[in-house]
Amino acid sequence: MVYTESNKSKFPEDLAELSDVLAKYLGYSDFTAEAAIVNYYHMNSTLSAHTDHSEVNLKAPLFSFSFGQSAIFLIGGRDKSVEPSALLINSGDIVVMSKEARLCYHAVPKILPATDSPWDVLDAPKTGIIIPDNKNINFKYVSQSEDIMLSMTENIDNKWHRFRDYIKESRINMNVRQVLNENQTSILTQ
Ligand SMILES: O=C(O)CCC(=O)C(=O)O
Ligand SMILES: [Fe+2]
């Protein structure tokens, strides 16, 4: 069993908020972000062909957020006889695996150097960085929005270089799923 009630923690509020905004935008009004895998890739990392089938709810879409270096993403069919298509995934791209694609085989055979490096923008003195005014945003999941705004500002001012040095040679993928069916409150009562 991949998912158990005895081994779980609270889903991060900011990622829940981001997933909710995307779900609403795409028309998936019932989507709830309940589990996420964070994949860390070095330049020589690969992820072999697999399907994501451990969730109780296999109808809900899967949202895949990518940052940093680029990747070749292969997506095939429900079995390995289908020849896959290749997509180039760049930093900031979101792959949505929904409907037929939800249970298709996929893989990451290659990480490629990004041609664009948006993380360097923060080296320039405060150009292009707009911290939104949280008073005008209605958050659904984020409870302490002031804290998030504060840590964003602090990270930009003091800690950004650490992330920038890391991401120059890495790719981070956050793979968000709904686990339970609608009206289901725990993994035990399916
Ligand atoms: O890194 C990616 O783009 C895909 C990751 C993935 O397929 C997974 O976590 O199941
Ligand atoms: Fe996957």
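Description of the structure in this document. (Residues numbered from 1 in each chain as written. Chains lettered and ligands numbered in written order. Predicted model: local features only at pLDDT ≥ 70, side-chain atom pairs only at ≥ 80, totals over all residues. Heavy atoms only, no water.)

**Looking at the nonpolar core**
Counting 15 residues, the largest nonpolar core has Phe11, Leu15, Phe31, Phe63, Phe65 and Val176 as the members making the most contacts within it. Elements with a contribution of two residues or more to this core: helix H1 (13-26), strand E3 (62-68) and strand E8 (170-177). Sort the elements by how many residues they give to this core and H1 lands first, with 4 residues. With sequence-adjacent residues up to four places away left out, Val176 is seen in contact with Phe11, Leu15, Ser19, Phe31, Ala33, Ala35, Ala36, Leu62, Phe63 and Phe65. If you look at the next biggest cluster of nonpolar residues, it comprises 11 residues, including Ile75, Ile89, Met97 and Ile111. (Core = buried A, V, L, I, M, F, W, Y, C linked by side-chain atoms within 4.5 Å. Buried < 20%, exposed > 50% of the residue type's maximum accessible area, 1.4 Å probe, protein only. Helix = DSSP H or I, 4+ residues; strand = E, 2+ residues; numbered from the N terminus. Contact = heavy atoms within 4.5 Å.)

**Quick word on the site of ligand 1**
The immediate surroundings of ligand 1 are formed by Asn39, Tyr41, Leu47, His50, Asp52, Phe73, His106, Val108, Arg171, Asn173, Asn175 and Arg177. Between ligand 1 and the protein, one listed contact pairs an oxygen atom with a side-chain N or O atom of His50 at 3.1 Å. In this structure, an oxygen atom belonging to ligand 1 sits 3.5 Å away from a side-chain N or O atom of Asn175. In isolation ligand 1 has 300 Å² of accessible area, and contact with the protein removes 96% of it. Counting residues per element, the ones that place at least two in the shell around ligand 1 are strand E1 (35-42), strand E2 (47-50), strand E7 (106-112) and E8. Top contributing element to the shell around ligand 1 by residue count: E8, with 4 residues. Class assignment of the residues belonging to the shell around ligand 1 gives a composition of 4 nonpolar, 5 polar and 3 charged. (Near = heavy atom within 4 Å. Polar contact = N/O pair within 3.5 Å; in protein donor to acceptor, adjacent residues only side chain to side chain. Areas by Shrake-Rupley, 256 points an atom, 1.4 Å probe, with all protein chains shown as cover. Nonpolar A, V, L, I, M, F, W, Y, C, P; charged D, E, K, R; others polar.)

**Details of the layout of surface pockets**
Here the second largest pocket defines a volume of roughly 600 Å³. Tyr3, Lys8, Ser9, Glu34 and Ala35 are the residues nearest the centre of the second largest pocket, which is lined by 24 residues in total. Mapped by element, the contributors of at least two residues to the lining of the second largest pocket are E1 and E8. Top element by residues in the lining of the second largest pocket is E1. It accounts for 4 residues. Of the residues contributing to the lining of the second largest pocket, the split by class is 13 nonpolar, 5 polar and 6 charged. (1 Å grid on protein atoms, 1.4 Å probe; cavity = no way out; pocket = protein on both sides within 12 Å on 5 of 7 lines; lining within 4 Å. Points joined across faces, edges and corners; volume = space filled by probe spheres on them.)

Honestly, it's all geometry; don't read function into it.
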